[in-house]
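# Structural description and commentary
What follows is the residue order along each chain.
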Amino acid sequence: MNNAGHDIGGRTRFDAGSADDWSNIIQTNLIGLMRVTRAILPDMVRRNAGHVVNISSINAVRIVPDMAAYSTSKAGVHMFTETLRGELAETAIRVTELQPGLTRTNIILTRYRGDRQKEKDYFDQFRMALEPADIARSIVFALDQPAHVQIAEMMILPVNRY
């Protein structure tokens, strides 16, 4: 289970943001996820069993202004997951990508470096958001499938009902 979500300094137009912030986002969200996968995958291959679940984001496949580094990192996770699935096609290892929409996690608080008012203002501008339990149920669904079933990709969005 890979769930790297770092966006400190995000929601800033690319030309106005810090190169160090962008680098840190990509290092955590993409390179870190790849390193963890690399550390665990050889044993899965030896056993010819396992399930890799990568959490990317709706930002992996949709353009969101002022999120260039974050979206790039999640698009990288998307392509890494697709490529890994292809490389492991001759094994019994399953590879799943979840692409959640807006979810009430601490990523927004950390994005704004602990500023609770900015976090509140951010969530207040949306009529809906997912809860972490919604994503957890989606993960359990993917893991609970029979061995011959692979949920390749799942996008989870909140219903705009409010």
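Preceding this paragraph is the structure being described.
Residues numbered from 1 in each chain as written. Predicted model: local features only at pLDDT ≥ 70, side-chain atom pairs only at ≥ 80, totals over all residues. Heavy atoms only, no water.

### Here's the deal with the nonpolar core
Heads up, the condition is: Working definition of a nonpolar core: buried Ala, Val, Leu, Ile, Met, Phe, Trp, Tyr and Cys residues. They are joined through side-chain atoms within 4.5 Å. Exposure is judged per residue with a 1.4 Å probe applied to protein chains only, and the accessible area is read against the type maximum: over 50% gives exposed, under 20% gives buried, and values in between give partly exposed. Labels follow the DSSP assignment, with helices taken as runs of H or I lasting at least four residues and strands as runs of E lasting at least two, numbered in each case from the N terminus. Contacts are assigned to residue pairs that have any heavy atoms within 4.5 Å of one another.
Counting residues in each nonpolar core, the largest one holds 11 residues, listed as Leu30, Leu33, Leu41, Met44, Val52, Val77, Phe80, Leu84, Leu88, Ile93 and Val95. For this core, the leading source of residues is helix 1 (residues 19-47), giving 4 residues. Residues in contact with Leu41, not counting those within four places in the same chain, are Val52, Leu84, Leu88 and Ile93.

### Details of the sheet that holds strand 2 (residues 94-100)
Note the following rule: At least two DSSP bridges between two strands are needed for those strands to be called paired. Axes here mean lines fitted to C-alpha atoms, for a helix over just the part in contact, with angles spanning 0 to 180 degrees between N-to-C directions.
Spatially, 3 strands are ordered 1-2-3 in an open sheet, and the strand pairing comes out parallel. Of all strands in the sheet, those with a lone pairing partner are strand 1 (51-55) and strand 3 (153-156), marking the two edges. Across this sheet, the average inter-strand angle for adjacent strands is 20°, counted without regard to direction. Pairing between strand 1 and strand 2: 5 bridges, direction parallel. Residue pairing in the sheet places Asn54 in a bridge with Glu97 of strand 2.

### Points about the pattern of salt bridges
Side chains that carry opposite charge are capable of pairing whenever their charged atoms lie near each other. Stated precisely, the cut-off is as follows: We define a salt bridge as a contact between a side-chain nitrogen of Lys or Arg and a carboxyl oxygen of Asp or Glu at a distance within 4 Å.
One pass over the full model with this rule turns up 10 salt bridges. One salt bridge in this structure joins Glu82 and Arg85, with 3.0 Å as the shortest N-O distance. One end of the pair, Glu82, and the other, Arg85, are both in helix 2 (residues 68-87), 3 residues apart, so they sit about a helical turn from each other. Classification of Glu82 by relative accessible area gives partly exposed; the value is 30%. Its relative accessible area of 13% is what places Arg85 among the buried residues. Residue Lys120 is joined to Asp124 by a salt bridge in which the shortest nitrogen-to-oxygen separation is 2.5 Å.

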